[in-house]
Amino acid sequence: MSQQPNHEKVIIIGSGPSGYTAAIYAARAGLTPLMFAGILPGGQLMITTEVENYPGYPEGIMGPEMMEHFRKQAERFGTRIVYEMITACDLSSTPKKLTDGSGKVFYADTVIISTGADAKWLGLPSEQTFMNRGASACAVCDGFFFRGKEVAVVGAGDTAAEEATYLAKLCPTVHLLVRRDEMRASKFMQERVKNTPNIKIHWFTETVELMGGEKLEKIRVINTQTKIESEIPVSGFFVAIGHKPNTEIFKGQLDMDETGYLITKNGTTNTNIEGVFAAGDAQDKTYRQAVTAAGTGCMAALDAERWLAANGLH
């Protein structure tokens, strides 16, 4: 097995808090992991301005700076980082066969998947303009910055309902923008929204444009029935229409739910394939926080180390 070229004990696919934490633990265990960080390493925190809810940073820290700290710590213990994507894989036997974007083939006894998930956006040009200046895809991450201000939430499912009720504790008015005349959220969550007095539901409403100067000041919306446009003054605009996990290349090999999140065995990071582990937002559609991603990255490295030992490969 070890005669093949480019053979590694541990290959980590993806970076971000889960990938870097897995790398730190695997490297300290003497596994000299190889990480494929992709062409845009660092995950969603690279497009996050200030992070105030990660332990150990009492003054807060910029997302990219925090990821730089993670990277340096991983490299300090011997992690090798390649800024390439894994574009194809064969996980059916050990070692696993991985192919990067340049066509180079690598073999791994164990694979840790930390490819993350991307928030779905509406696709408006003005969303990008106001990214981190009022537009956000995570109320738990950014809601604190909008306490005492009016905000809008887009969506009709459980995520939108949860974000709206969370923001209602911080903001005087939360405008919930729903495209149709009904929500897709569970009955329980719909009741919570309707019983929260400072959530104002706008039915048949779609966003046309985000507007403002240095920061977001208002949004222009259209009523899909009457076609009448209007403006709502808000400081924050939260898109809560779901996330898309970056798991396409594992389809047909790894078990995943209907939306593409990898399924891990309860209390572990084990996937349905021996020696393949999943961490972070690629397998977590519930919490989606940097600190929980880092925690599962630690778990994945420990699970991989134990698997290697149990199979006489460490």
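Please refer to the structure higher up on the page.
Heads up: these notes are all about the structure in this document.

Calculation notes
Residues numbered from 1 in each chain as written. Predicted model: local features only at pLDDT ≥ 70, side-chain atom pairs only at ≥ 80, totals over all residues. Heavy atoms only, no water. Helix = DSSP H or I, 4+ residues; strand = E, 2+ residues; numbered from the N terminus. Rg over C-alpha atoms; globule rule 2.2 N^0.38 Å. Contact = heavy atoms within 4.5 Å. Areas by Shrake-Rupley, 256 points an atom, 1.4 Å probe, with all protein chains shown as cover. Lys, Arg positive; Asp, Glu negative; His and termini not counted. Charge placed at Lys NZ, Arg CZ, Asp CG, Glu CD. Salt bridge = Lys/Arg side-chain N within 4 Å of Asp/Glu carboxyl O. Buried < 20%, exposed > 50% of the residue type's maximum accessible area, 1.4 Å probe, protein only. Pairing = 2+ DSSP bridges. Right-handed = clockwise from strand over helix to strand, strands pointing away. Polar contact = N/O pair within 3.5 Å; in protein donor to acceptor, adjacent residues only side chain to side chain. Patch = residues over 30% accessible without salt bridge, like charges linked within 9 Å, V, L, I, M, F, W, Y side chains within 5 Å. Expected span 1.5 Å × (residues − 1). Axes fitted to C-alpha atoms, helices over the stretch in contact; angles between N-to-C directions. Core = buried A, V, L, I, M, F, W, Y, C linked by side-chain atoms within 4.5 Å.

Across its full length, the protein chain holds seven helices and 19 strands. Whereas a compact globule of 314 residues would reach a radius of gyration of roughly 20 Å, the protein chain reaches 21 Å, a difference of no more than 12%. Principal-axis analysis of the C-alpha atoms places the extent of the protein chain at approximately 70 × 40 × 35 Å. Within the protein chain, residue pairs in contact and separated by at least 24 positions form 60% of the contacts whose partners lie at least 6 positions apart. Of the roughly 15000 Å² of accessible surface on the protein chain, a fraction of 51% belongs to carbon and sulfur atoms. Side-chain charges of the protein chain comprise 31 positive and 36 negative groups, with the mean position of each set lying 1 Å from the other.

Quick look at the pattern of salt bridges now. Throughout the structure, instances matching the rule amount to nine salt bridges. Residue arginine 220 pairs with glutamate 209 through a salt bridge whose shortest N-O separation is 2.6 Å. Here arginine 220 is found in strand β15 (residues 216-223), whereas its partner glutamate 209 is found in strand β14 (residues 205-212), with eleven residues between them in sequence. Overall, arginine 220 belongs to the partly exposed group, its relative accessible area being 22%. Linking glutamate 248 and lysine 244 is a salt bridge whose minimum nitrogen-to-oxygen distance equals 3.7 Å. Taking relative accessible area as the criterion, lysine 244 reaches 40% and is therefore assigned partly exposed. Counted as one network, the salt bridges with shared partners bring together Glu68, Arg71 and Glu75.

Look at any regular strand and the pattern is simple: side chains alternate between the two faces of the sheet. The pairing of strand β12 (residues 174-177) with strand β13 (residues 199-202) spans four bridges and is parallel. The residue of β13 that forms the bridge with histidine 175 is lysine 200. In this view, the connection linking β12 to its parallel neighbour β13 by way of helix α6 (residues 187-194) has right-handed handedness.

Turning our attention to unusual backbone geometry. In this structure, proline 95 follows threonine 94 across a cis peptide bond, with omega equal to 0°. Its location among the elements puts proline 95 in the loop between β6 (86-90) and β7 (96-100). Notably, threonine 32 is not glycine yet its phi reads approximately 35°, a positive angle. With respect to the helices, strands and loops of the structure, threonine 32 is situated in the loop between α1 (16-28) and β2 (34-36).

Tracing the backbone shows aspartate 257 in the loop between β18 (243-245) and β19 (276-278). A distance of 2.9 Å separates the side chain of aspartate 257 from the backbone nitrogen of glycine 260, its partner in a polar contact. Residues contacting aspartate 257, with those up to four places away along its chain left out, are Ile263 and Lys285.

Right, let's get into a nonpolar patch on the surface. A cluster of nonpolar side chains, namely Ile39, Leu40 and Met85, defines an oily patch on the protein surface of about 370 Å² accessible area. In this structure, methionine 85 sits in the loop between β5 (80-82) and β6.

In this model helix α7 (residues 290-310) runs 30 Å from its N-terminal to its C-terminal C-alpha over 21 residues, within 8% of the 30 Å that 1.5 Å per residue would give. Among the residues making up α7, those that are buried are Ala290, Ala293, Ala294, Thr296, Gly297, Cys298, Ala300, Ala301, Asp303, Ala304, Trp307 and Leu308. Elements that come into contact with the buried residues of α7 comprise β1 (7-13), α1, β8 (105-113) and β19. Directly beyond the C-terminal end of α7, a positive phi value near 65° is found at glycine 312.

Turning our eyes to something else, we now look at the sheet that holds β14. Spatial strand order, β14-β15-β16: three strands in an open sheet with antiparallel pairing. One side of each edge strand has no neighbouring strand; the edge strands of this open sheet are β14 and β16 (229-233). Neighbour-to-neighbour, the strand axes of the sheet open up by a mean angle of 30°, direction not taken into account. Pairing geometry for β14 and β15, over seven bridges, is antiparallel. Paired with threonine 205 across the strands is asparagine 223, a residue of β15.

Here we take up the nonpolar core. Within soluble globular proteins, side chains that are nonpolar tend to cluster in buried spots. Ranked by size, the top nonpolar core spans 29 residues in total, and within it Ile12, Tyr20, Met35, Tyr54, Met66 and Ile112 carry the most contacts. When contributions to this core are tallied by element, the ones reaching two or more residues are β1, α1, α2 (63-76) and α7. By residue number, the principal contributor to this core is α7, which donates seven residues. Excluding residues within four positions of it along the chain, tyrosine 54 makes contact with Met66, Phe70, Ala290, Val291 and Ala294. Membership of the second largest hydrophobic core comes to 21 residues, among which are Val151, Ala156, Val174 and Leu176.

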